[in-house]
Amino acid sequence: MGREKIYPYAVARIRMLENSLLTEKTYTQLIESKSALEVFKILSEAGYGGENSIDIKNYEKALSSRLAKAYSDVKELVPKEHFPDVFLLKNDYQNLKVLVKSDISSINGESYLVGGTTVDIKDMKEAFETKNYGCLTENMAQAITDSYDQYAKTQSGQVIDNVMDNAAFKDMLKVANESGIKFVENYVKTLCDITNLKSYNRIKNMKKTVSDFENVFVHGGTVSLDTFKKAFNAEGASGGFKETAYNELALKMDEGFTVFEKSCDDYLMAFMRDAKYKSLTVEPLLAFIYAVETEVKTVRIIVNGKLNGIDTEVIKERLRDAYV
Amino acid sequence: MESLTLFNFSGQFYALLGAALAALAGIGSAIGIGIAGEAAAGVVSEDPNKFGQVLVLQALPGTQGIYGLLIAFIILLKVGLLGGDGMVDITVSQGAYILASAAPIGLVGIFSAIAQGKAAAAGIMLVGKKPSELAKGMIFAAMVETYAVLALLISFLMINSITF
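Below you will find a few notes about this structure. Fair warning: this is a prediction, and the values are worked out from it, not measured in the lab.

**Here's the deal with the overall build of chain A**
Then, number 1: Scanning chain A for helices and strands turns up 15 helices and 0 strands.
Then, number 2: Its C-alpha atoms give chain A principal-axis dimensions of about 55 × 50 × 50 Å.
Then, number 3: When the accessible area of chain A is evaluated, it comes to approximately 16,400 Å², of which 49% is carbon and sulfur surface.

**Structural notes on a negative patch on the surface**
Residues and elements named next belong to chain A.
Then, number 1: A surface patch of like charges, here negative, comprises Asp-120, Asp-123, Glu-126 and Glu-129.
Then, number 2: Within the fold, Asp-120 resides in the loop between helix H5 (85-105) and helix H6 (121-130).
Then, number 3: On the basis of relative accessibility, which here comes to 45%, the residue Asp-120 falls in the partly exposed class.

**A few points about the pattern of salt bridges**
Residues and elements named next belong to chain A.
Then, number 1: Evaluation of the coordinates by the stated rule reveals 24 salt bridges over all chains.
Then, number 2: In this structure, Glu-293 engages Lys-90 in a salt bridge whose closest nitrogen and oxygen atoms are separated by 2.7 Å. Here Glu-293 is found in helix H14 (residues 283-307), whereas its partner Lys-90 is found in helix H5, with 203 residues between them in sequence.
Then, number 3: The class of Lys-90 is partly exposed, set by a relative accessible area of 37%.
Then, number 4: Close ionic contact of Lys-125 with Glu-110 constitutes a salt bridge, the shortest N to O distance being 2.6 Å. A residue pair is termed long-range when its members are at least 10 positions apart, and Lys-125 in helix H6 and Glu-110 in the loop between H5 and H6 qualify at 15 residues.
Then, number 5: A cluster of three or more residues bridged by salt bridges with shared partners is formed by Lys-198, Asp-265, Lys-297 and Arg-320.

**Observations concerning unusual backbone geometry**
All names here are of chain A.
Then, number 1: Here Ser-106, not a glycine, exhibits a phi torsion of approximately 50°, which is positive.
Then, number 2: Tracing the sequence through the fold places Ser-106 in the loop between H5 and H6.
Then, number 3: Phi angles above zero are rare outside glycine, and Gln-155 is one such case at about 55°.
Then, number 4: Using a relative accessible area of 54% as the deciding quantity, one classes Gln-155 as exposed.

**Some thoughts on the side chain of Glu-293 of chain A**
Then, number 1: With a relative accessible area of 15%, Glu-293 of chain A lands in the buried category.
Then, number 2: In this structure, Glu-293 of chain A is in contact with Leu-67, Tyr-71, Phe-87 and Lys-90 of chain A, ignoring residues within four places of it in sequence.

**Some thoughts on a nonpolar patch on the surface**
All names here are of chain B.
Then, number 1: On the surface, Tyr-147, Leu-150, Leu-153, Ile-154, Phe-156, Leu-157 and Met-158 cluster together into a nonpolar patch covering about 640 Å² of accessible area.
Then, number 2: Relative to the helices and strands, Leu-150 is located in helix H6 (residues 134-161).
Then, number 3: For Leu-150, a relative accessible area of 43% puts it in the partly exposed group.

Criteria and thresholds
- Residues numbered from 1 in each chain as written.
- Chains lettered and ligands numbered in written order.
- Predicted model: local features only at pLDDT ≥ 70, side-chain atom pairs only at ≥ 80, totals over all residues.
- Heavy atoms only, no water.
- Helix = DSSP H or I, 4+ residues; strand = E, 2+ residues; numbered from the N terminus.
- Areas by Shrake-Rupley, 256 points an atom, 1.4 Å probe, with all protein chains shown as cover.
- Patch = residues over 30% accessible without salt bridge, like charges linked within 9 Å, V, L, I, M, F, W, Y side chains within 5 Å.
- Salt bridge = Lys/Arg side-chain N within 4 Å of Asp/Glu carboxyl O.
- Lys, Arg positive; Asp, Glu negative; His and termini not counted.
- Charge placed at Lys NZ, Arg CZ, Asp CG, Glu CD.
- Buried < 20%, exposed > 50% of the residue type's maximum accessible area, 1.4 Å probe, protein only.
- Contact = heavy atoms within 4.5 Å.

Function cannot be inferred from these measures alone, as they are strictly geometric.
This is the structure:
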């Protein structure tokens, strides 16, 4: 008997919910459809948007409610556990960024707030306005103060992002460590590394300097800042990662920006796919959230592609690997 | 004969302890069916039509409890508790033999039923995704049954060979 906690009911429900994920066949149909209208029709048939039909005005809403449902389904299945928060926290921090930035710029950022958070948006706004951060985590409260301080010094919006991202990973690692589940811990660390690799690739592509990278580096992954610094000075973009677990992934940097970004998402998906062969432990629950997040991302790529009349082949290149 | 007196209990006590040990296989069955039942509820909550299919799989870990019951019955018959004439006199070593012969089904029953419950839960999820593969799911879970049957066989042979 293993000592890992088992969740037969939750995993069985998730397995059933997995049946509602879009399949390879549906993706092919979506890509080959002639117009965005046809895409919306297929999505409606696949269960997006519920009773309402989807059109150009409400498709974003349908996508976010699909995500929100996945989050709430999983949360409902394991009400006493906090590990699903590793997925929700990024949305909390996205909202914090929006709140801080709209406060500084006095532009109303209401439309950029996202759902699927650990702290209710209303509570967060109230906490933000009253400066009473009781309902936020310590890291969030600290991040708000820090980002104002840093902004006052540098007048750059980017430092807010960096402060928030670092705090987000701190909170995610905390949740992961407290859960004591190896899979969750590894996911957060991998995500952290991938985030850094993406920033590295972007900054390298833009021919910026090491210090620019240092400004966006997030702590908590397995690849250290030193390794990145060395990689920065090495020949070629991908050379410096030979001794890390990401050598193969890093090689994709040489194949261009789009290919690398897609490969990063696929790398995480491959990590998640291990959960397919777990029948009683928590992995499938997390993988399900990730699968839905990826599905929504993919659908968004297709819809935006179709709306903007982008060539089918170009859309295909950008499609992420699906879970099922 | 009286040289072998374990903790000064009588032979009859050890015989009854054997019957009790055999019946403990039910612990495993209860846990196994519980695990499978949770998974079954998860599947049925999304698709109530699958009730019949998942029920078959849920029932599989129940057999160990029945095997334990069977051996416990044989022991009780053997010591005369079910005959109505009262318990026969048995020596401590005879009682200890009976206790030993109950051990295989008692212990193997507990652990194999839990393991089978997990396999059955996985089979139930398999049915949830691919309803046509019920038979395969059952085979995977039934493989565990082999070892419960082997333990039953050994317990049975041991008890049968004890003579008073």
